[in-house]
Amino acid sequence: MTSRVETPTEIRPFHVEIPEKQLDDLRRRIEATRLPSKELVEDRSQGVQLATIQELATYWGTEYDWRKVEARLNALPQFTTEIDGVDIHFIHVRSEHENALPLIMTHGWPGSVIELLDTVGPLTDPTAHGGRAEDAFDLVLPSLPGYGFSREPTEVGWNAGRVAQAWAELMHRLGYTRYVAQGGDVGAAVTDAMGRQAPEGLLGIHMNLLVTVLAGPQPAESEQERAAADQLATFRESGFGYFLEMATRPQTISYALLDSPVALAAWLLDHDTDSYYKISRAFVDGEAVGNLTRDHIVDNITLYWLTGTGASAARSYWEDGQALAQALASGQAPPEISLPVGFTTFPGEIWRTPRSWAEKAYPNLTYFNEVEKGGHFAAWEEPQLFAEEMRAAFRSLRNGGSS
């Protein structure tokens, strides 16, 4: 027998294989769920509606097959590597086309790498999805620390800025000297931080959520600006509950998230109005909106349950809340982004960012587009449209390929 000492920078192949007893336990817990009475209103103003959860739980406990998505994940090249003391899981798909541009994409909450899976084909093999060979990307899809198959941090300090540094190290470790980055939701905060840190090799960034609005008020002079300001105000008044709880008391909600799969499902569904009603339709009406099918939704929830990451994912909001509070208290403006920035506004987003807001946040805005469909989970809902936006946003940065 021989032994091998693993080095901290080693990249290890990863394979998903959940024991059947864990799936049996999941089904048992779903069946034993104690449900509340029906909400007293006809909309979601009191929270996730009972009919939605009943349909989801029934499907999850009796018809859903985790092994399908497990096989789908295992069909992709998956790896783990330790960065700054945390094992990071990532999917890494190299395009077969020459001079593919490396792209690292970061998911958000309550998502995971599962929300990005249907972009893999269009991004890495564009000729099979309506694109050109010169539009190809090498794709790196990491799981945020404490999400999915990445290990949870064992110390405080893992805010978006620290994750951004880890992603730069990951791309360096993979041998990429030229690359671009994209993110939405929490991933937008990470990508924004990458742009401000400007690590060597980063050519430009793209986002589909304007996270800078959380740091202060925005102009509300034009009709578009007033509409966006109203949407943002509504979110802060009636849709901010999950955000506030996780940013201030993540440990408290964690007990429910780790003990009851149905409680976890309800918590993950109660994000934004547009996404919630699309998901609800998939279960109550049996109608998928875009790519938000019952299976894809439950795939994501099941990943959270099987990895036990409801608690650690919630803590990421506390980390970013602490970092934002410290930044505001210091009175110091963050460094500007000199790299090219792309931004896409999707109509169902929590606030529909006008171009003027994006230009204020990113003076070097080189690409901006408003598309006609899609919402907060843009890559998940509309993977083909999302891929087309990535091709357009980064096209000007392709000049001779990558290493």
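Above: the structure in question.
The shown structure was predicted, so the numbers you read here are calculated from the model rather than taken from an experiment. (Residues numbered from 1 in each chain as written. Predicted model: local features only at pLDDT ≥ 70, side-chain atom pairs only at ≥ 80, totals over all residues. Heavy atoms only, no water.)

Visitor: I tried to follow the packing of aromatic side chains on my own but got confused; where do I start?
Guide: We describe a pair of aromatic rings using the distance from one ring centre to the other and the angle between the two ring planes. Tallied over the full model, the rule gives 16 aromatic pairs. Aromatic side chains Trp109 and Tyr242 sit 5.3 Å apart centroid to centroid with 15 degrees between the ring planes, which places their arrangement in the stacked category. Residue Trp109 is found in the loop between strand S4 (101–106) and helix H4 (120–124), and its partner Tyr242 is found in helix H8 (residues 241–248); the two are separated by 133 residues along the sequence. A residue is classified by how much of its surface remains accessible, and Trp109, at 1% relative accessible area, is buried. When the centroid spacing of 6.3 Å and the interplanar angle of 75 degrees are considered together, the rings of Tyr242 and Phe243 count as edge-to-face. Accessibility expressed as a relative area gives 6% for Tyr242, which makes it buried. Among the aromatic residues, ring-to-ring pairing joins Trp109, Phe235, Phe240, Tyr242, Phe243, Tyr317 and Trp351 into one connected group. Over the ring of Tyr59 we find Arg294; its NZ or CZ atom is 4.1 Å from the centre of that ring. In this structure, Arg398 is placed above the aromatic ring of Phe137, and the distance from its NZ or CZ to the ring centre is 4.4 Å. (Phe/Tyr/Trp six-rings, centres within 6.5 Å; stacked < 30°, edge-to-face > 60°. Helix = DSSP H or I, 4+ residues; strand = E, 2+ residues; numbered from the N terminus. Buried < 20%, exposed > 50% of the residue type's maximum accessible area, 1.4 Å probe, protein only. Lys NZ or Arg CZ within 6 Å of the ring centre and 35° of its normal.)

Visitor: I keep staring at the packing of helix H9 (residues 250–259) against helix H10 (residues 261–269) and nothing clicks. Help me out?
Guide: Two quantities define a packed helix pair, namely the angle between the helix axes and the distance between the axes. Relative to each other, H9 and H10 sit at 120 degrees, their axes nearing to 5 Å. Here H9 is positioned oblique relative to H10, judged by the angle of their axes. Facing Ile253, Ala256, Leu257 and Asp259 of H9, the residues of H10 in contact are Pro261, Ala263, Leu264 and Trp267. Looking at the contact of H9 with H10 residue by residue, the classes come out as 7 nonpolar, no polar and 1 charged. (Axes fitted to C-alpha atoms, helices over the stretch in contact; angles between N-to-C directions. Parallel < 35°, antiparallel > 145°, perpendicular 65-115°, else oblique. Contact = heavy atoms within 4.5 Å. Nonpolar A, V, L, I, M, F, W, Y, C, P; charged D, E, K, R; others polar.)

Visitor: Would you take a moment to explain the sheet that holds strand S1 (residues 11–13) for this structure?
Guide: In any sheet, the strands associate via hydrogen bonds between backbone groups, in a parallel or an antiparallel arrangement. Read from one edge to the other, the open sheet built from 9 strands follows the order S1-S2-S3-S5-S4-S6-S7-S8-S9, with strand pairing classed as mixed. Strands at the two margins of the open sheet, each flanked by one partner only, are S1 and strand S9 (365–370). Across this sheet, the average inter-strand angle for adjacent strands is 25 degrees, counted without regard to direction. Of the strand pairs in this sheet, strand S8 (residues 341–345) and S9 are connected by 5 bridges, and their pairing is parallel. Residue pairing across strands places Phe343 opposite Phe368, the latter belonging to S9. On the sheet, helix H5 (residues 160–173) packs against S1, strand S2 (78–83), strand S3 (86–93), S4, strand S5 (137–142) and strand S6 (179–183) and is oriented at approximately 120 degrees with respect to S2. (Pairing = 2+ DSSP bridges.)

Visitor: I'm lost on unusual backbone geometry in this one. Help?
Guide: Here Trp109 and Pro110 are connected by a cis peptide whose omega angle stands at 5 degrees. Its location among the elements puts Pro110 in the loop between S4 and H4. Non-glycine residue Asp84 carries a positive phi angle of around 55 degrees. Within the secondary structure, Asp84 sits in the loop between S2 and S3. The exposure class assigned to Asp84 is partly exposed, which follows from its relative accessible area of 48%. At Asp185, a residue that is not glycine, the phi angle is positive and equals roughly 55 degrees. Summarising the element assignment, Asp185 is placed in the loop between S6 and helix H6 (186–197). The class of Asp185 is buried, set by a relative accessible area of 10%.

By themselves, these are just geometric observations and shouldn't be taken as functional.
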